[in-house]
There are 2 protein chains.
Amino acid sequence: MQLSFELDTSAKASLQTQLVGEITTSITSGRLTPGTRLPGTRSLSQQLGVSRNTVLLAFSALEAEGFIESREGAGTFVSAYWPEPAPFQETGPATPPVPSRPATAEPEVTCDFQLEAVDPDLFPTATWRRLMMRRMQSPDFNLSRTGDPRGAPDLRKAICRFLGASRSMKIDPEQVLIVSSIQQATNVVGQMFVSPGSPVVVERPGCSLIAPIYARAGAEILPVPTDHDGLRVDLLPQRRNALVAVTPERQFPMGASLSTTRRKALLDWAEHTDAHVFEVDFDSEFRYEGSPKPALQSLDRHGRFIYSAAFALTIGPGLRIGFLVLPPRLVAPAMHALRLLDHAYPCQTQGAPWLDQAVLCDFLESGGYEKHLRRLRKTYMARRNALMDALTRWFGPCDLGGTASGTHLVWRLPAHLPDAGTCQALAGSVGIRVNTMMLETVTGPEYLPDWNRYLLLGYADLPEDKITAAVARLAGALLPGRD
Amino acid sequence: MQLSFELDTSAKASLQTQLVGEITTSITSGRLTPGTRLPGTRSLSQQLGVSRNTVLLAFSALEAEGFIESREGAGTFVSAYWPEPAPFQETGPATPPVPSRPATAEPEVTCDFQLEAVDPDLFPTATWRRLMMRRMQSPDFNLSRTGDPRGAPDLRKAICRFLGASRSMKIDPEQVLIVSSIQQATNVVGQMFVSPGSPVVVERPGCSLIAPIYARAGAEILPVPTDHDGLRVDLLPQRRNALVAVTPERQFPMGASLSTTRRKALLDWAEHTDAHVFEVDFDSEFRYEGSPKPALQSLDRHGRFIYSAAFALTIGPGLRIGFLVLPPRLVAPAMHALRLLDHAYPCQTQGAPWLDQAVLCDFLESGGYEKHLRRLRKTYMARRNALMDALTRWFGPCDLGGTASGTHLVWRLPAHLPDAGTCQALAGSVGIRVNTMMLETVTGPEYLPDWNRYLLLGYADLPEDKITAAVARLAGALLPGRD
């Protein structure tokens, strides 16, 4: 096949950028359909009259974004499942099935150790209903009213108080901007800091939904590995004006907390290189051992740190409220960015619905949120304990990571068990769903040399007895002659 | 001063793109503060070792985005009020004050003819409260539940029925994607279609919040003028694979409806050039004369049209719900784009809160929305009539545009009145706020040769008697010897 576009040698964008853009747009607009084989780099370079290196670099960028995939000896294809890149499906040893697409012959899943779950049974229905009713009975109840575009002032105050107590952050409500989600916050930060060529550091393995936003805006993505102490700060590039997206309190997906030494080193590095740090706080609320460390933002001396968190994991995804904490000089640019992303045209309003903001504020101020968090923490800890106990009972002493906090743990498989992909398939055969590092929300498993030796087990919405029974069944499937 | 960055001649991004990026990021991150004078193009080209033309082109792009402004004979400066570009403040004749920053000596505003207003007195509080209560009493009420990432199926069905009746659109609920706002929909479309160098056509004058999104993603913005029949379709560029953002039912801000001839021509042009059309439907619900034309999308033969609307103007900005209607092949890419913009990490949920979606669905299905729209239409028409009558009474036959629909009209000032900027200042001196074309939501007033002869008057939240009294006072201020 021949691709039906031409490059403009007189255009301001480089040929490679043009090529990446043309192919991306052809794919996202459906002109190039999944599975389509792309022309070879040599013939494409001849067709377009550009160097083969330009084509190779463009293909490499497209592959990094998950739009295309090269199959050894077969050529390059539009990804079958974009937007869910699964870079290890083709090249990894013993390719396991992609978790979200189990073979049709599998038995029904009776226990799903999914990550990122919320247990509906723990939602404080009565309290929330009461608080909502009160706000709705008020004469102020009127969706035609506009709100403060930064978010309800009372909610911003309540968030400051909460962050002061729980994250040691000394901030002013004027520094808080209400958004709908951490994902929206990530876009706001991108609008502010990323332009073509901007260096952006991301954790690897890490969340798959951060880099694509910045890559799309032309960022140069600089992956930095993580280990049991979090981001390898010693491997940060010596580049000026970078943006660093980091999950210090609980690294996603490995669950490590960034060590104090590294926090200090990160701060020094940021000041030395004029970098900005975007601190993403996924689930610091659930800590079972020790205390959460103060937020990185609390160390900020020169307005280089931006903090974001949300309520989707603690209250539920039915509440679309998150927030950014910004250095004062960045509040106006962030509001501008948010406006371009999601204001209500034509009214000067943006962010989360004000009724939800008001109810959340009441929930925080009444102490209801703290009480709710204590209940979640206690329940989740019991579930974590049940999972750890059951694993140890059946498999002996286990190498478990990320157990001190969060809602999933990372099990490094012992040598006597097969690799993660095989374990996943065997678990599936007895109706149990477990996750390997090949989750669609994870990018960069290859930064772990033994990436196919890890199972990720979420326990947030699984009662203890279910966990105990499931691990016993799992043992039957994984340990030969044991059933 | 010297700018503290260097360009990388070996980078894949062009030098001009790098320069635009560096300066944009320096401004948005606060390293370059408002009012800072930039180095001259000649000295900057020497410092960076690039051609002066590269610097000139970069500056021109930055000025188009409103980041910098050149002052005749004084040099180029970081815009004082970015993010609110006011390109005519410096060069226009008789510079009027920017509406949002009235002189402090002004009397209190007693009547504000603001655009894009919603009257809180018209919100159906009792009905909405009743519908919400019902949903909240249900045993399903639980914010920990996740929803369909495309939006509640019942709401998507209800929207299809509504669009079928009101906009002649024959669509399937599978083609509908719930978002939070038209602005978010505009970003979704950008993620799908815009990469560096993509041609994007926008209306001029037009909404100031569309082009910056696409420009930021590297689009080549192609402004096309509008007139009393809407977009000048005859001036569309002969470029392939363009994206055209158009407001056919009521052009913003001039209020024209795209003529039937031009609709057909637009369709032909789109098929001929392989373009996609993004139809933004700001306020087709309020039509006082004739019927709204069928949506452009209803003419779509080959899946080239994308439609978006929202409920912020009809129900209120407290409800953050809008939607996209997409050709079937574009639904998956749009969901991917929305996910990157605003999903709830870590749950697989995005879009508007599901409780609001459920209540809106009930409101649509119960006939409440139709009834509400009839009430708004009747009230707004009475207000429009009062405004037209009062203007005619005091100023004689008036040249009024955009009167057939919407919630504001466009008054082309008669020759015996001073220019719009002066009229605005005189109105302000008697406590009345009127808008010129220099609104921050409007870009490209210069496409009207007599841009300083128009006043834009919104009437949605002004009762008739207030309008009548205000126009009388306005006449006192504008007509000498008449007070």
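For clarity, every value in this text was computed on a predicted model and none was experimentally measured. (Residues numbered from 1 in each chain as written. Chains lettered and ligands numbered in written order. Predicted model: local features only at pLDDT ≥ 70, side-chain atom pairs only at ≥ 80, totals over all residues. Heavy atoms only, no water.)

Observations regarding the overall build of chain A
Per the secondary structure count, chain A includes 14 helices and 17 strands. Here chain A holds 483 residues, and 61% of them are scored as buried. Of the contacts made within chain A by residues no fewer than 6 positions apart, 72% connect residues no fewer than 24 positions apart. Here chain A displays about 17800 Å² of accessible surface, and carbon together with sulfur accounts for 52% of that area. (Helix = DSSP H or I, 4+ residues; strand = E, 2+ residues; numbered from the N terminus. Buried < 20%, exposed > 50% of the residue type's maximum accessible area, 1.4 Å probe, protein only. Contact = heavy atoms within 4.5 Å. Areas by Shrake-Rupley, 256 points an atom, 1.4 Å probe, with all protein chains shown as cover.)

Considerations on the relation of the copies chain A and chain B
When chain A is fitted to chain B, the best match, at an RMSD of 0.1 Å, comes from turning it 180° and sliding it 0.0 Å along the axis. The superposition operator between the copies reduces to a two-fold rotation axis. (Least-squares fit on C-alpha atoms with pLDDT ≥ 70 in both.)

Quick look at the nonpolar core
Ranked by size, the top nonpolar core spans 143 residues in total, and within it Phe113(A), Trp128(A), Trp411(A), Phe113(B), Trp128(B) and Trp411(B) carry the most contacts. Contacts of Trp411(A), omitting those with residues within four sequence positions, involve Leu391(A), Phe395(A), Cys398(A), Asp399(A), Leu400(A), Leu417(A), Arg453(A), Tyr454(A), Leu455(A), Leu457(A) and Leu474(A). Counting residues in hydrophobic clusters, the runner-up holds 92 residues, among them Ala185(A), Val200(A), Val280(A) and Leu326(A). (Core = buried A, V, L, I, M, F, W, Y, C linked by side-chain atoms within 4.5 Å.)

Here's the deal with the sheet that holds strand β5 (residues 199–204) of chain A
All names here are of chain A. Pairing is mixed in the open sheet, where eight strands are placed in the order β4-β12-β11-β10-β9-β5-β7-β8. Each of the sheet's edge strands pairs with one partner strand only, and the pair in question is β4 (176–179) and β8 (230–231). Strand direction decides the pairing type here: β5 and strand β9 (residues 243–246), joined by two bridges, are parallel. Each bridged residue has a counterpart across the sheet, and for Val 200 the counterpart in β9 is Leu 243. Its contacts with the sheet put helix α6 (residues 153–167) on β4, β11 (305–310) and β12 (322–325), and the angle it makes with β4 is roughly 110°. (Pairing = 2+ DSSP bridges. Axes fitted to C-alpha atoms, helices over the stretch in contact; angles between N-to-C directions.)

A short note on the pairing of strand β5 (residues 199–204) of chain B
All names here are of chain B. Counted residue by residue, β5 has six buried out of six residues, so it is predominantly covered. The alternating pattern of β5 places Pro 199, Val 201 and Glu 203 and Val 200, Val 202 and Arg 204 on opposite faces, both of which are buried. When β5 meets strand β7 (residues 220–227), the two strands line up parallel, connected through six bridges. Considered in β7, the bridge of Glu 203 is made with Val 224.

Points about the pattern of salt bridges
The full count for this structure, using the stated rule, is 49 salt bridges over all chains. Where Arg412(A) meets Asp399(A), a salt bridge forms, and the shortest distance between an N and an O atom there is 3.8 Å. You can see Arg412(A) sitting in strand β14 (residues 408–412) and its partner Asp399(A) sitting in strand β13 (residues 399–401), a full 13 residues away along the chain. Looking at Arg412(A), the relative accessible area reads 36%, which means it is partly exposed. Residue classification places Asp399(A) among the partly exposed residues on the basis of a relative accessible area of 43%. Two residues, Glu365(B) and Arg161(B), come together in a salt bridge whose shortest N-O distance is 2.6 Å. Of this pair, Glu365(B) sits in helix α11 (residues 354–365) while Arg161(B) sits in helix α6 (residues 153–167), and the two are 204 residues apart along the sequence. (Salt bridge = Lys/Arg side-chain N within 4 Å of Asp/Glu carboxyl O.)

Considerations on the interface of chain A and chain B
Chain A puts 88 residues into the contact, and the matching count from chain B is 88 residues. Regarding the contact of chain A and chain B, the summed buried area is about 8000 Å², with carbon and sulfur atoms giving 59% of it. Our count for the chain A to chain B interface comes out at four salt bridges. For Glu440(B), the salt bridge is made with Arg339(A), and the minimal N-O distance between the two is 3.3 Å. Looking at the side of chain A that touches chain B, the elements with two or more residues in it are α1 (15–28), α5 (125–137), α7 (182–193), α8 (211–216), α10 (331–342) and α11 (354–365) of chain A. (Buried area = accessible area lost by both parts, 1.4 Å probe.)

Re the side chain of Glu279(B)
All names here are of chain B. Here Glu 279 is to be found in strand β10 (residues 276–280). Although Glu 279 is buried, it makes no salt bridge; Arg 167 carries the closest opposite charge, 4.6 Å away. Among the polar contacts listed, one links the side chain of Glu 279 to the backbone nitrogen of Gln 297, at a separation of 2.9 Å. The contacts of Glu 279, once residues within four sequence positions are left out, are Val 246, Pro 248, Ala 295, Leu 296, Gln 297, Ile 306, Tyr 307 and Ser 308. (Lys, Arg positive; Asp, Glu negative; His and termini not counted. Polar contact = N/O pair within 3.5 Å; in protein donor to acceptor, adjacent residues only side chain to side chain.)

What to know about the domain arrangement of chain A
Many analyses report the size of an interface as the accessible area lost when the parts associate. All names here are of chain A. Per the domain assignment, the segments of chain A are domain 1 (15–78), domain 2 (111–120 + 371–478) and domain 3 (141–366). Averaged C-alpha coordinates put domain 2 and domain 3 at centres separated by 28 Å. With 32 residues of domain 2 at the contact, the number on the domain 3 side is 25 residues. Residue Glu 289 is joined to Arg 384 by a salt bridge in which the shortest nitrogen-to-oxygen separation is 2.7 Å. Of all the secondary-structure elements, those providing two or more residues to the side of domain 2 that touches domain 3 are α12 (368–395), β14, β16 (442–443) and β17 (454–458). If one sorts the elements of the side of domain 2 that touches domain 3 by residue count, α12 sits on top with seven residues. For the side of domain 2 that touches domain 3, a count of residues per class yields 17 nonpolar, eleven polar and four charged. (Domains from an automatic or database assignment. Nonpolar A, V, L, I, M, F, W, Y, C, P; charged D, E, K, R; others polar.)

Notes on the packing of aromatic side chains
Here the structure, examined in full by the defined rule, presents 22 aromatic pairs over all chains. Taken together, a centroid distance of 5.5 Å and an interplanar angle of 70° make the contact between Phe311(B) and Tyr369(B) edge-to-face. Linking Phe311(B) in the loop between β11 (305–310) and β12 (322–325) with Tyr369(B) in helix α12 (residues 368–395), this pair joins segments that are 58 residues apart in sequence. Side by side, Phe311(B) and Tyr369(B) carry an identical accessibility label, which is buried. Among the aromatic residues, ring-to-ring pairing joins Phe123(A), Trp128(A), Phe162(A), Tyr307(A), Phe311(A), Phe323(A), Phe363(A), Tyr369(A) and Phe141(B) into one connected group. One residue, Arg145(A), lies across the ring of Trp354(A), its end atom 4.3 Å from the ring centre. (Phe/Tyr/Trp six-rings, centres within 6.5 Å; stacked < 30°, edge-to-face > 60°. Lys NZ or Arg CZ within 6 Å of the ring centre and 35° of its normal.)

Details of the side chain of Arg287(B)
All names here are of chain B. Within the secondary structure, Arg 287 sits in the loop between β10 and β11. There is a polar contact of 3.1 Å between the side chain of Arg 287 and the side chain of Glu 249. In terms of polar contacts, Arg 287 uses its side chain to reach the backbone carbonyl oxygen of Glu 289, at 3.3 Å. The residues touching Arg 287, leaving out its near neighbours within four places in the chain, are Glu 249, Ser 257, Pro 292, Arg 377, Ala 404 and Ser 405.

Quick word on the environment of Pro120(B)
Note on placement: Pro120(B) falls in the loop between β3 (111–112) and α5 (125–137). With a relative accessible area of 31%, Pro120(B) lands in the partly exposed category. Sequence spacing of Pro120(B) and Ile315(B) is 195 residues, and the spatial spacing of their C-alpha atoms is 9.3 Å. Sequence-distant contacts of Pro120(B), that is, excluding residues within four places in its chain, are made with Asn142(A) and Ser144(A).

Observations regarding a positive patch on the surface
A cluster of basic residues, Arg130(A), Lys371(A), Arg374(A) and Arg375(A), forms a positive patch on the protein surface. Residue position: Arg375(A) is located in helix α12. (Patch = residues over 30% accessible without salt bridge, like charges linked within 9 Å, V, L, I, M, F, W, Y side chains within 5 Å. Charge placed at Lys NZ, Arg CZ, Asp CG, Glu CD.)

Details of the packing of α5(A) against α5(B)
Contact geometry of α5(A) with α5(B) gives a least axis separation of 11 Å together with a crossing angle of 175°. In terms of their interaxial angle, α5(A) and α5(B) are classed as roughly antiparallel. Counting all contacts with α5(A), which are made through Arg129(A), Met132(A), Met133(A), Met136(A) and Gln137(A), the residues of α5(B) involved are Arg129(B), Met132(B), Met133(B), Met136(B) and Gln137(B). Looking at the contact of α5(A) with α5(B) residue by residue, the classes come out as six nonpolar, two polar and two charged. (Parallel < 35°, antiparallel > 145°, perpendicular 65-115°, else oblique.)

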